[in-house]
Amino acid sequence: MRATLKPLFSLASIFASPRRSSIFSRADSSNLVLLALSNFRRRWIFTTGPLPPPEWIEPFSDISDVASGNRNPTPSPWAVRVLGLLYESQDMELNLDDFCGKFLIKLSPNFVSFILRSSELREKPNVAMRFFRWAGKQKLYSHKIECYASLIELLSTSGDFDSVKLVFDELKQKRLLMTVFAANLLIKSFGNVGMVEELLWVWRKMKENSIEPGLYTYNFLMNGLVNSMFIESAEQVFEVMQNGQIRPDVVTYNTLIKGYCRTGKVLKAMETLGEMEATNVEPDKITYLTLIQACYAEGDFSSSLRLYHEMEEKSMEIPNHAYSLVIGGLCTEGKCMEGYAVFEKMISRGCKTNVAIYTNLIDAHAKSGSIEEASRLFGRMRNEGLDPDEVTYGVMINGLCKSGRVEEAMEYFETCERSGLVINATIFSTLIDGLGKAGRVEEAERIFQRMMEIGCSPDSYCYNALIDAFTKCGKMDEALALFKRMEDEGCDQTVYTYTILMNGLFREHKNEEALNLWDSMIDKGITPNAACIRALSTGLCLSGKVGRACRLLDELAPMGIMPDSAFEDMLNVLCRAGRIKEACKLADGIVDRGREIPGRVRTVLINAMRKAGHADLAVKLMHSRIGISYERMGSIKKRVKFRLLLEI
Ligand SMILES: *[C@@H]1O[C@H](CO)[C@@H](O)[C@H](O)[C@H]1NC(C)=O
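Sequence order as written defines the numbering, with residues in each chain counted from 1. Totals for whole chains, interfaces and linings use every residue, but because this is a predicted model, local features are given only for residues with pLDDT of at least 70 and side-chain atom pairs only at 80 or more, for both listing and counting. As a convention, hydrogens and water are excluded, and side-chain values are obtained from all of the structure's heavy atoms.

In the nomenclature of an unreviewed UniProt entry, the protein corresponds to Pentatricopeptide repeat-containing protein from the organism Trapa natans.

K.L.:
Please provide a residue-by-residue account of the confidence of the model for the protein, values included.
P.N.:
On average, the protein scores 87 in pLDDT, and the residues at 70 or more come to 89%. Confidence of the predictor at the level of single residues is given by pLDDT, which spans 0 to 100. Two residues qualify as a contact provided that any one of their heavy atoms is within 4.5 Å of a heavy atom in the partner residue. Within the model, pLDDT remains below 50 along residues 1–30, and this stretch shows 20 contacts once partners closer than five positions in the same chain are excluded.

K.L.:
Describe a negative patch on the surface, listing the residues and the values that go with them.
P.N.:
Each patch is built from salt-bridge-free residues with over 30% relative accessible area, joining like charges within 9 Å and nonpolar side chains (Val, Leu, Ile, Met, Phe, Trp, Tyr) within 5 Å. Using a 1.4 Å probe, accessible areas were evaluated by the Shrake-Rupley method; residue-level cover was limited to the displayed protein chains. Here a salt bridge means any side-chain nitrogen of Lys or Arg lying within 4 Å of a carboxyl oxygen belonging to Asp or Glu. Just so you know, the count uses Lys and Arg for positive and Asp and Glu for negative, and it drops His and the chain ends. We put the charge of a Lys on NZ, of an Arg on CZ, of an Asp on CG and of a Glu on CD. On the surface, a cluster of negative charge is contributed by E442, E445, D477, E478, E508 and E513. Elements with a contribution of two residues or more to the negative patch: α27 (441–453) and α29 (476–488). Every helix listed is a DSSP run of H or I at least four residues long, and every strand listed is a run of E at least two residues long, numbered separately from the N terminus. By the secondary structure assignment, E445 is in helix α27. Buried, partly exposed and exposed residues are distinguished by accessible area as a fraction of the type maximum, computed with a 1.4 Å probe on protein chains only: under 20%, between the cut-offs, and over 50%, respectively. Exposure remark for E445: the relative accessible area of 32% places this residue in the partly exposed category.

K.L.:
Explain the packing of aromatic side chains to me, and be specific about the residues and the numbers.
P.N.:
Pairing of aromatic side chains requires ring centres within 6.5 Å, counting the rings of Phe and Tyr and the six-membered ring of Trp. Pairs whose planes differ by under 30 degrees are stacked, by over 60 edge-to-face, and all others tilted. What the rule picks out here adds up to 21 aromatic pairs. Seen in terms of ring centroids, F168 and F190 are 5.1 Å apart; in terms of plane orientation they differ by 80°. Their pairing is edge-to-face. In this pair, F168 is assigned in helix α11 (residues 161–174) and F190 in helix α12 (residues 180–193), connecting sequence segments 22 residues apart. Pairing F413 with F428 gives two aromatic rings, centres 5.6 Å apart and planes at 70°, and the pair type is edge-to-face. Here F413, found in helix α25 (residues 406–418), pairs with F428, found in helix α26 (residues 425–437); they are 15 residues apart in sequence, far enough to count as distant. A relative accessible area of 2% places F413 in the buried class.

K.L.:
Let's hear about the nonpolar core: which residues, and what values?
P.N.:
Residues enter a nonpolar core if they are buried and are Ala, Val, Leu, Ile, Met, Phe, Trp, Tyr or Cys, with the set joined through side-chain atoms within 4.5 Å. L107, F131, M178, L605 and M609 are the most contacted members of the largest nonpolar core, which has 202 residues in total. Setting aside chain neighbours within four positions, we find L605 in contact with L571, C575, A583, C584, A587, L621 and F642.

K.L.:
Account for the pattern of salt bridges, with residues named and values stated.
P.N.:
Tallied over the full model, the rule gives 34 salt bridges. Between R133 and E170 there is a salt bridge, with the nearest N and O atoms lying 2.8 Å from each other. Within this pair, whereas R133 is found in helix α9 (residues 125–136), its partner E170 is found in helix α11, the two being separated by 37 residues in sequence. R133 sits in the partly exposed class, given a relative accessible area of 31%. Judged by relative accessible area, which is 23%, E170 ranks as partly exposed. Linking E312 and R349 is a salt bridge whose minimum nitrogen-to-oxygen distance equals 2.5 Å.

K.L.:
Explain the environment of Y498 to me, using residue names and the numbers behind them.
P.N.:
With respect to the helices, strands and loops of the structure, Y498 is situated in helix α30 (residues 495–507). When its relative accessible area of 1% is taken as the criterion, Y498 is described as buried. Separated by 15 residues in the primary sequence, Y498 and F483 have C-alpha atoms spaced 9.0 Å apart. Sequence-distant contacts of Y498, defined by excluding residues within four places in its chain, comprise F483, Q493, L517, S520, M521, K524 and I526.

K.L.:
Which residues make up the pairing of strand β3 (residues 630–633), and what values do they have?
P.N.:
Looking along a regular strand, one sees side chains alternate from face to face of the sheet. Here 4 bridges tie β3 to strand β4 (residues 636–639), and the two strands are oriented antiparallel to one another. What sits directly across from E631, in β4, is K638. The antiparallel hairpin formed by β3 and β4 contains 2 residues in its connecting segment, where G634 sits at a positive phi of about 70°. At least two bridges found by DSSP between two strands is the condition for calling them paired.

Written as structure tokens, this is what we have:
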């Protein structure tokens, strides 16, 4: 009794003293209302002496607000005060006790549930949990189902699933009566985090208590099922709705479409859009955005474009992200003009562009050879106050290098470096490659060096680019040293690395070394690709080892590699080198081994001769029976050999 009396009296003395009233003139309006509320009680205390029982505080000060269905009733001023006490502190419970004792109040379950739903507590699951526990210990108090539901909602949005489960278990044991409000809140919460078992428990409780689900309930349920990928169950709920009193609305449809898209059933999602229109439910921008996104993700850019056009026809507001996806799709398909047109429309409708859209457009223009347009877009982007990021610089540098404008690429590189952006290995390899192809090997080397200095470790693309630059200008020793370094640094030597080096070695007539490289590549289990096989086979042919080249094809077959065009490459390279005799020998070898249909070998050889400027021989071969017919040698039939061509 004493403990509760003391603060009350000191409060009364503040009221009595005019000198202290300045404290209250500074107090906020909620305090004043609060004082007014307890006015009556104070008078009662002073006149009658003994303390009245604590009063239950309700969340809304004006009950008529709630009764008349006012959607935004004025919250009780007590709410602000109580919320002010809820923060991460050891004394939180003590402060609450003091406060309630001081004002002789108790917090009603409705009030507790209201506090738990306030935005101030959203990000504080621990505080909410402690408040809930504290409130539960008030004298003659027990939580209503709404308190549990409100706490579960808060905990589920903050991602604390263990606590959600804990509170839910407590709720189940309490055997409280389900209410419409609690059911909706619980279904929404469990739905959002995809807790299906819990969701279905609530659904059962609703049935048991004859609570008819409303449209929101259905939509929350659908959302829950979809979020936990229970698409078939969602479809069933949807069917129930279609045949029942409460018809699916646009949210229901959007949820179902989202479900189909998430499970890769984009076709069904598209059909659902058709159904919507058939049942006069107008699709909204979310419907379209979901579908555009799904089509984009599937690489079906024409469908996302079609959906975008539909939105336009319906004069719908098109979300920025939809523009991004449509422009991105067009750019990926290399349709930079169309992408640009959509971009212009977007701007004319007052939508904000962004760096990613510009980057897409710049990339598409650069890749389709309009590097001028790409740099114009780059300038325009900066004029709009958008700062290019490393990806934008990357596509510009790549575009410039690929169009042979290395000088400008270097300028972009330097600007990028100066603006403090992180330059990754891809940009470096592009630049090294560009410099190498332009014959500026020393600069390429410097860039490689620079890269190491800033602590970016070169990947195999960087090494390959520099190795390529070295071999192209005959610096084989440097190239091989770099190859060795790759191994030391633990950077994977790829099939490209070997191909570049083999080409270089053959060019320098270092055939044995090239062959050794090939063998070590096979030993390492690296599978040669077409370009690599071409490097070796043509290298061997040119160094006069036609037989070895031919055997090579035999060796590859058991490895499961069918070098289709290898013989074509070899025939071409031999003809071009004027080594017709060897070409014919090779053609015979191929046919004898049954590697190819003789007719095809013949056609390839005819074309190779013509391309290499030996039209006379090509004509001669065409009019001969070589390759396609047989000649009788006594009793044995033998195919007419290609090598006869030079003898007849
Ligand atoms: C470098 O960045 C670009 C653009 O973000 C990216 O496509 C590329 O994969 C990155 N390269 C590396 C090696 O991380």
